[in-house]
Amino acid sequence: MATTRLSRLRRDLRNAIMEWRRLYFNIVWGMNIGRGSAISFSAKLDLTNPAGIHIGEDTAIVFGATILSHDMTRNLHIDTRIGSRCSIGAHSIIMPGVNVGDGSIVSMGSVVMRDVPPGSIVFGNPARVLETGIVTGKWGLILDRESKRSAEAAVPAPAAAAE
């Protein structure tokens with residue numbers, strides 16, 4: 001019983017800290033980060049052009065991920081957008097000006113240099129589309145897949161037993 005209370009207290013405290021951090025990024029730095037988004041304390045959000053960072057609701061940015069919104073070599077300050085219900089994997093890099101569509105997943109270690117279509121999984125350097133037609137929930141957790149539905153539809157139903 002004590003462990004249940006302790007885990008509930010820890011979860012509530014973590015959620016409060018995440019919300020305060022989201023408000024800090026929005027108010028102090030001028031970013032646009034949606035409600036319910038979780039951003040790891042080791043994730044790097046570009047503070048050279050903070051107003052260029054736009055993150056949708058219920059998105060997870062995990063440890064070591066980097067979101068850029070400027071390129072000093074080209075003197076470029078541009079908006080980088082990450083949609084709602086996305087998951088940005090560990091040590092991924094989202095380059096300036098990229099749009100990650102709603103419900104997309106960026107696999108760990110990926111370097112995203114082009115726009116990501118909604119409902120996609122991308123991976124690699126440079127990131128390539130691995131799968132489309134996914135449906136995600138909060139923090140980019142996969143709820144449903146088009147490929148799974150297609151595979152189920154391709155399997156014939158068992159024939160009725162003859163009497």
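Residues numbered from 1 in each chain as written. Predicted model: local features only at pLDDT ≥ 70, side-chain atom pairs only at ≥ 80, totals over all residues. Heavy atoms only, no water.

### Regarding the overall build of the protein
Okay, so step 1: For the protein, the helix and strand inventory stands at two helices and 18 strands.
Okay, so step 2: Buried residues in the protein amount to 40% of all 163 residues.
Okay, so step 3: Partitioning the contacts of the protein with sequence separation of at least 6, the portion at a separation of at least 24 is 26%.
Okay, so step 4: Of the roughly 9800 Å² of accessible surface on the protein, 60% is carried by carbon and sulfur atoms. (Helix = DSSP H or I, 4+ residues; strand = E, 2+ residues; numbered from the N terminus. Buried < 20%, exposed > 50% of the residue type's maximum accessible area, 1.4 Å probe, protein only. Contact = heavy atoms within 4.5 Å. Areas by Shrake-Rupley, 256 points an atom, 1.4 Å probe, with all protein chains shown as cover.)

### Concerning empty space enclosed by the protein
Okay, so step 1: Counting across every chain of the model gives one cavity of 30 Å³ or more.
Okay, so step 2: A volume near 40 Å³ is recorded for the largest cavity.
Okay, so step 3: What lines the largest cavity is M18, R21, R22, F25, I33, S37 and I39.
Okay, so step 4: The greatest single-element share of the lining of the largest cavity, amounting to four residues, is contributed by helix α1 (residues 2–27).
Okay, so step 5: A class-by-class count of the residues in the lining of the largest cavity yields four nonpolar, one polar and two charged. (1 Å grid on protein atoms, 1.4 Å probe; cavity = no way out; pocket = protein on both sides within 12 Å on 5 of 7 lines; lining within 4 Å. Points joined across faces, edges and corners; volume = space filled by probe spheres on them. Nonpolar A, V, L, I, M, F, W, Y, C, P; charged D, E, K, R; others polar.)

### Notes on the side chain of S92
Okay, so step 1: With respect to the helices, strands and loops of the structure, S92 is situated in the loop between β10 (87–88) and β11 (93–94).
Okay, so step 2: Judged by relative accessible area, S92 falls into the buried class, the value being 0%.
Okay, so step 3: Beyond its immediate chain neighbours, meaning those up to four positions away, S92 contacts G64, A65, T66, V106, S107, M108, G109 and S110.

### What to know about the pairing of strand β18 (residues 142–145)
Okay, so step 1: Judged from the three bridges that link them, strand β17 (residues 134–136) and β18 form a sheet pairing that is antiparallel. Among the inter-strand pairings, I134 is bridged to a residue of β18, identified as R145.
Okay, so step 2: Hairpin connection between β17 and β18: a loop of five residues separates the two successive antiparallel strands, and W139 in this loop has a positive phi of roughly 60 degrees. (Pairing = 2+ DSSP bridges.)

### Let's talk about the side chain of S84
Okay, so step 1: By secondary structure assignment, the location of S84 is in the loop between β9 (80–82) and β10.
Okay, so step 2: S84 gets classed as buried once you look at its relative accessible area, which sits at 19%.

### Notes on the environment of G83
Okay, so step 1: Here G83 is to be found in the loop between β9 and β10.
Okay, so step 2: When residues no more than four places from it in sequence are discounted, the contact partners of G83 are G56, T59, V100, G101 and D102.

### A few points about α1
Okay, so step 1: Compared with the 38 Å implied by 1.5 Å per residue over 26 residues, the 37 Å span of α1 between its first and last C-alpha is a close match.
Okay, so step 2: Structurally, α1 contributes buried residues whose contacts are with β1 (32–33), β2 (38–39) and β3 (44–45). (Expected span 1.5 Å × (residues − 1).)

### What about the sheet that holds strand β6 (residues 66–67)?
What holds strands together in a sheet is hydrogen bonding between their backbones, with the strands either parallel or antiparallel.
Okay, so step 1: Read across the sheet, four strands follow the order β3-β6-β11-β14 without closing on themselves; strand pairing throughout is parallel. On the outer flanks of this sheet lie β3 and β14 (111–112), each paired with one strand and no other.
Okay, so step 2: Sheet topology places β3 next to β6; two bridges connect them, and they run parallel. Note on β6: the bridge partner recorded for K44 is T66.

### Points about the sheet that holds strand β4 (residues 53–55)
Okay, so step 1: Pairing is parallel in the open sheet, where four strands are placed in the order β1-β4-β9-β12. Pairing within the sheet leaves two strands with one partner each, and these edge strands are β1 and β12 (99–100).
Okay, so step 2: Bridge count for β1 against β4 is two bridges, and the pairing is parallel. Residue N32 lies in a different strand from β4, and its bridge partner there is H54.

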